[in-house]
Amino acid sequence: MFAHGRHISAMAKAKRKFVCQQCGTVSPRWQGQCEDCGEWNSIVEEAPETAFSARHDLHAGGRAITLIGLDSKVELPPRTSTGIAEFDRALGGGIVAGSATLIGGDPGIGKSTLLLQAAARVAARGLSVVYISGEEATDQVRLRAQRLGLGGAPVMLASATSVRDILTTLGEGEPPALLIIDSIQTMHSDLIEGAPGTVSQVRASSQELIRFAKQRNSALVLVGHVTKDGSIAGPRVLEHMVDTVLAFEGERSHQYRILRAIKNRFGGTDEIGVFAMVAEGLEEVANPSALFLTHRDESVTGATVFPALEGTRPVLVEIQALVVRLSSGATPRRAVVGWDSGRLAMVLAVLESRCGLSFSTCEVYLNVAGGYRLSDPAADLAVAAALVSALSEKPVPADVVLFGEIALSSEIRPVAHAPLRLRESAKLGFNRAFIPAAAADGVKGIAVNGFRTLAGLVDQMLGRG
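- If you check an unreviewed UniProt entry, the protein chain appears there as DNA repair protein RadA from Sphingobium xenophagum.
- Per UniProt, the protein chain carries the Sequence similarities (unreviewed entry) text "Belongs to the RecA family. RadA subfamily."

Right, here's the structure in full:
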């Protein structure tokens, strides 16, 4: 009898579970450092599964679901404009009813400001908007709205962190067209043990809010915190649960902000929205090139212009290089802002090995003006030209743009959407372009010089025969 009771007690004992709050890795025991993501002191014990849920058989007892063919006709989901064209561009054309959107960004970057402006414009068109703040009191949100000139907008505010209270309140009347939760890390579900912000709480709270949005056809926007490396905090599964993930980028010391789509089930992920932070809030920037180009009345050594491409929008940015010669024996520095340091090392190696230039005794500094961040490999040629100009102290003509990808063999390879880049450059007053020879067809209004190799461009810049 005693043995039988002891057996039942052993069977009823649930296994302990420890979950990393950064990456969601599950461990059977606590440890100081997560083996997967390497974070320290991020592992927390969570409530274990019950014996029933672990043994339950799901092969029977459910209801049959309807299967349809892949070739069935379906209409594109209708979109509602937020009233902010740059926001709509990043979303793919506007918000979709029943969708879930996650917006992440550094503290103070302008996430709440942007959403408050969008909420006010949507509400001004007669649609119901609910703004739930888990970090600020309603009076704080109202004061910010008054400072932005939105004090009279018919937006319904609340300060709450209980998901049960929020859904109970929203279920009493007509569902809102737009529901904003600021932020998801402050939400708490009483069905799950743990403090707000833990992996289980973020996952459970998001799941309940997203289920409400899908069932009641409300557009849901979640604000997410970010970690020190810039990724969205909480479990990675949160990004899989939502339909759209937007990243708000930029330095608080700079005026500009970029809203970039990382994931979008209703549109592309190659569009960006550009904003400038002013006293009245976030202001749309219809011509981003104006932000990233300095006045170029006279030629300056080490400066080139590169037509970057963000989605369907070319953005002209200035690339600046500085080369400082050192006395022999000193260790030269390589400093990069706004570009990949590994790619800079590659371009310098090609210039030394294939073009006969020496940077081994020089410090090299590279900067993308305006705080812009480049990931486009087409910037290789503009970077190389800026480095050659800085080393030789011969300026690149102010009316020239450059783009092309450099291979390790010194070959200059063609890049995507060359005509679009050239048309935008001509529109902004540039008369010439140095580009890959394979894409040298050109467009009206701008003269094109095509180069097969980087050595050919260097020879022309230095006047070598």
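## Some points on the environment of Leu462
Then step 1. Along the chain, the position of Leu462 falls in helix H13 (residues 454–462).
Then step 2. Linking Leu462 and Leu179, residues 283 residues apart in sequence, is a C-alpha distance of 60 Å.
Then step 3. Those residues in contact with Leu462 that lie beyond four places of it in its chain are Leu357, Val388, Ser392 and Lys394.

## Some thoughts on the sheet that holds strand E1 (residues 17–20)
Then step 1. Spatial ordering of the open sheet is given by E2-E1-E3, a layout of 3 strands whose pairing is antiparallel. The sheet is open, and its two edges are formed by strand E2 (26–27) and strand E3 (43–46), each paired on a single side.
Then step 2. Across 4 bridges, E1 lies against E3 in antiparallel orientation. By the bridge assignment for E3, Cys20 is matched with Ile43.

## Observations regarding the side chain of Asp380
Then step 1. Here Asp380 shows up in helix H11 (residues 380–392).
Then step 2. Relative accessible area serves as the criterion here: at 0%, Asp380 is assigned to the buried category.
Then step 3. Of the polar contacts made by the side chain of Asp380, one reaches the backbone nitrogen of Ile406; its length is 3.1 Å.
Then step 4. If sequence neighbours within four positions are ignored, Asp380 has contacts with Trp339, Arg343, Met346, Gly404, Glu405 and Ile406.

## Re the pairing of strand E9 (residues 178–182)
Then step 1. Within E9, 5 of the 5 residues are buried, which leaves the element mostly enclosed by the surrounding structure.
Then step 2. Neither face of E9 is open: one carries Leu178, Ile180 and Asp182, the other Leu179 and Ile181, and all of them are buried.
Then step 3. As judged from the 5 bridges shared by strand E7 (residues 129–133) and E9, these two strands associate in the parallel manner. Pairing of Ile132 across the sheet is with Ile181, part of E9.
Then step 4. Bridge count for E9 against strand E10 (residues 219–224) is 5 bridges, and the pairing is parallel. Counted as the bridge partner of Leu178 is Ala219 from E10.

## Quick notes on the pairing of E10
Then step 1. The element E10 is largely enclosed, with a buried count of 6 among its 6 residues.
Then step 2. Residues Ala219, Val221 and Val223 line one face of E10 and the alternating positions Leu220, Leu222 and Gly224 line the opposite face, and both faces are buried.
Then step 3. The pairing of strand E6 (residues 100–105) with E10 spans 5 bridges and is parallel. Across the sheet, the residue bridging to Gly104 is Gly224, located in E10.
Then step 4. After leaving E9, the chain enters helix H7 (residues 199–216) and then returns to the sheet as E10, a path that is right-handed.

## Focus: the packing of H11 against H13
Then step 1. It is at 11 Å that the axes of H11 and H13 come closest, and there the two elements cross at 35°. Crossing hand, H11 versus H13: right-handed. Here Leu381, Ala384, Ala385, Val388, Ser389 and Ser392 of H11 lie close against H13, whose contacting residues are Leu454, Leu457, Val458, Met461 and Leu462.
Then step 2. Of the residues belonging to the contact of H11 with H13, the class tally is 9 nonpolar, 2 polar and no charged.

## Thoughts on helix H6 (residues 163–171)
Then step 1. Within H6 the residues assigned to the buried category are Val163, Ile166 and Leu170. End-on view of H6: buried residues confined to an arc of 65°, all on one side of the axis.
Then step 2. Along its buried surface, H6 packs onto E7, E9 and H7.

Reading the values: rules and limits
- Residues numbered from 1 in each chain as written.
- Predicted model: local features only at pLDDT ≥ 70, side-chain atom pairs only at ≥ 80, totals over all residues.
- Heavy atoms only, no water.
- UniProt positions renumbered as here; feature names shortened; annotations may be inferred.
- Helix = DSSP H or I, 4+ residues; strand = E, 2+ residues; numbered from the N terminus.
- Contact = heavy atoms within 4.5 Å.
- Pairing = 2+ DSSP bridges.
- Buried < 20%, exposed > 50% of the residue type's maximum accessible area, 1.4 Å probe, protein only.
- Polar contact = N/O pair within 3.5 Å; in protein donor to acceptor, adjacent residues only side chain to side chain.
- Right-handed = clockwise from strand over helix to strand, strands pointing away.
- Axes fitted to C-alpha atoms, helices over the stretch in contact; angles between N-to-C directions.
- Left-handed = near helix turned anticlockwise from the far one by under 90°.
- Nonpolar A, V, L, I, M, F, W, Y, C, P; charged D, E, K, R; others polar.
- Arc of directions from axis to C-beta.

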